[in-house]
Every structure is written in structure tokens, then in C-alpha cells.
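# Structural overview for review
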Amino acid sequence: MEIKNKIDLLDKKANIVNKKLIVYLAISGGTWLYGISPDKDNSVVVLVSIAFLYAVVGVFVNIKKLNELQNKLKGLYDE
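In short, a report on the structure. Computed from a predicted model, the values in this text were never measured in an experiment. (Residues numbered from 1 in each chain as written. Predicted model: local features only at pLDDT ≥ 70, side-chain atom pairs only at ≥ 80, totals over all residues. Heavy atoms only, no water.)

## Description of the environment of W32
Our working definition: By the criteria applied, helices consist of DSSP H or I runs no shorter than four residues and strands consist of E runs no shorter than two, each listed in order from the N terminus. Relative accessible area decides the class of each residue, using a 1.4 Å probe on protein chains only: under 20% of the type maximum gives buried, over 50% gives exposed, and in between gives partly exposed.
When you line up the elements, W32 lands in helix α1 (residues 3–36). Residue W32 is classed as partly exposed on the basis of its relative accessible area, which comes to 46%. Sequence spacing of W32 and S49 is 17 residues, and the spatial spacing of their C-alpha atoms is 7.8 Å.

Shown next, in the form of C-alpha cells:
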């Protein structure tokens, strides 16, 4: 496979990961703000906390994927 094709493939993968990262950041930001507001029922706080933790894990996983894609791109650049 040519280097240009590999770079195009990495670009498409990075775009997908970026879109997922934006969604997870929006979820974590919204749930965090909703969770710290006063006068909430305990069950709502538990559900919001679970959604927040899920989103935080998603953010970290997608940042790790972006780092891996960056390393692959550096490897192609060095060739």
C-alpha cells in the first residue's frame, strides 16, 4: 500500500475518533454540570454520576487512540 493511501486511511480514522471524542466531552460536561446543581434526587445523582464516569472513560480511550494514530503517522513520516 502506498504511503499516501496509508496517510489517508489514518486521517479518516482520526476524524472518526475526533467526532467520538467531541461527543464524550459534551456528555461529560453536561452531566457534570447537571450533577453539581442543588436539589436533586439521590437516584438522579447516581444515574448522572454513572453517565459521567462512562463519558470520562470514553474520553481517555479516544485520547489513547489518537495518540496511537499519531505514532503511526510519525512512523510513516520517518520512512
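So much for the structure itself; the text now carries on.
## Details of helix α2 (residues 42–78)
Quick note on the threshold: Working rule for helices: expected span equals 1.5 Å times residues minus one. Every residue pair with non-hydrogen atoms within 4.5 Å of one another is taken to be in contact.
With 37 residues, α2 ought to run about 54 Å at 1.5 Å a step, and its terminal C-alpha atoms sit 54 Å apart, in line with that. Of the residues making up α2, those classed as buried are V48, A55, G58, V59, N62, L69 and L76. Those residues of α2 hidden inside the fold are in contact with α1.

## Considerations on the pattern of salt bridges
Short version of the rule: For salt bridges, the criterion is a side-chain nitrogen of Lys or Arg within 4 Å of an Asp or Glu carboxyl oxygen.
Tallied over the entire structure, the rule returns 2 salt bridges. Between D8 and K4 there is a salt bridge, and its shortest N-O distance comes to 3.8 Å. Here D8 pairs with K4, and both are found in helix α1, just 4 residues apart, close to one helical turn. Taking relative accessible area as the criterion, D8 reaches 34% and is therefore assigned partly exposed. E68 is the partner of K64 in a salt bridge, and the nearest nitrogen-oxygen pair spans 3.2 Å. Of this pair, K64 and E68 both sit in helix α2, separated by 4 residues, roughly a single helical turn. Looking at K64, the relative accessible area reads 54%, which means it is exposed.

## Section: the environment of A55
Summarising the element assignment, A55 is placed in helix α2. Residue classification places A55 among the buried positions, given a relative accessible area of 0%. Measuring from C-alpha to C-alpha, the distance between A55 and A26 comes to 8.6 Å, with 29 residues separating the pair along the chain. If near-sequence neighbours (up to four positions away) are discounted, A55 is found in contact with Y24, I27 and S28.

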